[in-house]
Amino acid sequence: MGAPDTGAGPDWLGVCRRSVAGLQQMLAEHPTTGERARALGRGEGGDESVFIDRAAEDIIFAQLEDLYAQGHRFYALSEEHGAVDFGGSALRVIIDPIDGSLNAKRGLPHHAVSIAVADGETMADVLFGYVFDFGAREEWVARRGAGAQLNGAMLADSPPERRTRDGRLELVAVESANPRYIAAASEGLLAHVHRVRALGTMAVSMCQVAATRVDGMLSLWRCRAVDVAAAQLVVRESGGLVRFTDYADPLAAPLDLVPRSPVVAARTPEGLAELAEVSPSG
């Protein structure tokens, strides 16, 4: 690993789309729960690794190996492989090969690939974000300072948040939907939220805020960078707001594999503050 960086930026969107094509083929070839959920031990992120997690990551890392062979240098962080140094660089690539893998292995529709690129160590440093929802077949793309897109169309005029007559947010996506966490958050949810949806994938749930399909998103426990690094940029570039509630600086959560903080997203500062109150650290 001694060749210099080429200087020309990698085609990250091309990498993501080629990865999606490979992932779609892999999922089609292994359609049953028995095939997808075959246990392989634990990944570097700490979760139980199943066949589709490992196979999906291998597909993405083949694309990264091609980039390296072309002379590009970067540092990759993924749920299965952990930290992988592709020659040393300030660029970080943060990968969740299958966000919502429980959905994927059980045949439920919402599961996604999430790939983010950053030029620093925190969420604020993410410069490119990509989420592809295999259930809805929707592609969410964001570039720092250049806006966000859904299936190639700019998210320039997302509708305003909706509230009920008593002032509560009409619809909020909830993740980390363990019954214990839901019970602990029930009082705050009752105070600020009219209806909830639990899609089972943090990346996809957060992206819904970018198009105001939901009025906010809330994780009821700490999330990892691989889950939301791409989606939080999609929300911010669409004009929405994101806050990692365990940090005074809302975007200071580090880009690593440790579950660091709950996260909330909304279209307005008022909505963000209300969901932060529901957060276990809010």
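Just above, that's the structure.
Residues numbered from 1 in each chain as written. Predicted model: local features only at pLDDT ≥ 70, side-chain atom pairs only at ≥ 80, totals over all residues. Heavy atoms only, no water.

A sheet is described by the order of its strands in space; here 5 strands give the open sequence E11-E10-E12-E14-E13, paired in mixed fashion. At either end of the open sheet lies a strand with only one pairing partner, and these are strand E11 (193-197) and strand E13 (241-244). Direction aside, neighbouring strands of the sheet carry axes that sit 20 degrees apart on average. Pairing of strand E10 (residues 169-175) with strand E12 (residues 216-219) involves 4 bridges; the strand directions are parallel. The partner of Ala173 across the bridge, within E12, is Met217. Running at roughly 150 degrees to E12, helix H6 (residues 202-210) makes contact with E10, E12 and strand E14 (263-266) of the sheet. Of the strands in this sheet, E10, E11, E12, E13 and E14 are in contact with helix H8 (residues 269-278), which crosses E14 at around 155 degrees. (Pairing = 2+ DSSP bridges. Helix = DSSP H or I, 4+ residues; strand = E, 2+ residues; numbered from the N terminus. Axes fitted to C-alpha atoms, helices over the stretch in contact; angles between N-to-C directions. Contact = heavy atoms within 4.5 Å.)

To continue, consider the pattern of salt bridges. Applying the stated criterion to the full structure yields 13 salt bridges. Arg213 is paired through a salt bridge with Glu138; the nearest N and O atoms lie 2.8 Å apart. Of the two residues, Arg213 sits in the loop between H6 and E12 while Glu138 sits in strand E7 (residues 138-143), which places them 75 residues apart along the sequence. A relative accessible area of 37% places Arg213 in the partly exposed class. The shortest N-O distance in the salt bridge between Asp246 and Arg222 comes to 3.7 Å. In this pair, Asp246 is assigned in the loop between E13 and E14 and Arg222 in the loop between E12 and helix H7 (225-237), connecting sequence segments 24 residues apart. Classification of Asp246 by relative accessible area gives partly exposed; the value is 33%. (Salt bridge = Lys/Arg side-chain N within 4 Å of Asp/Glu carboxyl O. Buried < 20%, exposed > 50% of the residue type's maximum accessible area, 1.4 Å probe, protein only.)

Here the focus is the packing of H6 against H7. Running from N to C, H6 and H7 point in directions that differ by 5 degrees, and their axes come no closer than 8 Å. In terms of axis orientation, H6 runs roughly parallel to H7. Of H7, the residues touching H6 (which contributes Met202, Ala203, Met206, Cys207, Val209 and Ala210) are Asp227, Val228, Ala231, Gln232, Val234 and Val235. Residue composition of the contact of H6 with H7, grouped by class: 10 nonpolar, 1 polar and 1 charged. (Parallel < 35°, antiparallel > 145°, perpendicular 65-115°, else oblique. Nonpolar A, V, L, I, M, F, W, Y, C, P; charged D, E, K, R; others polar.)

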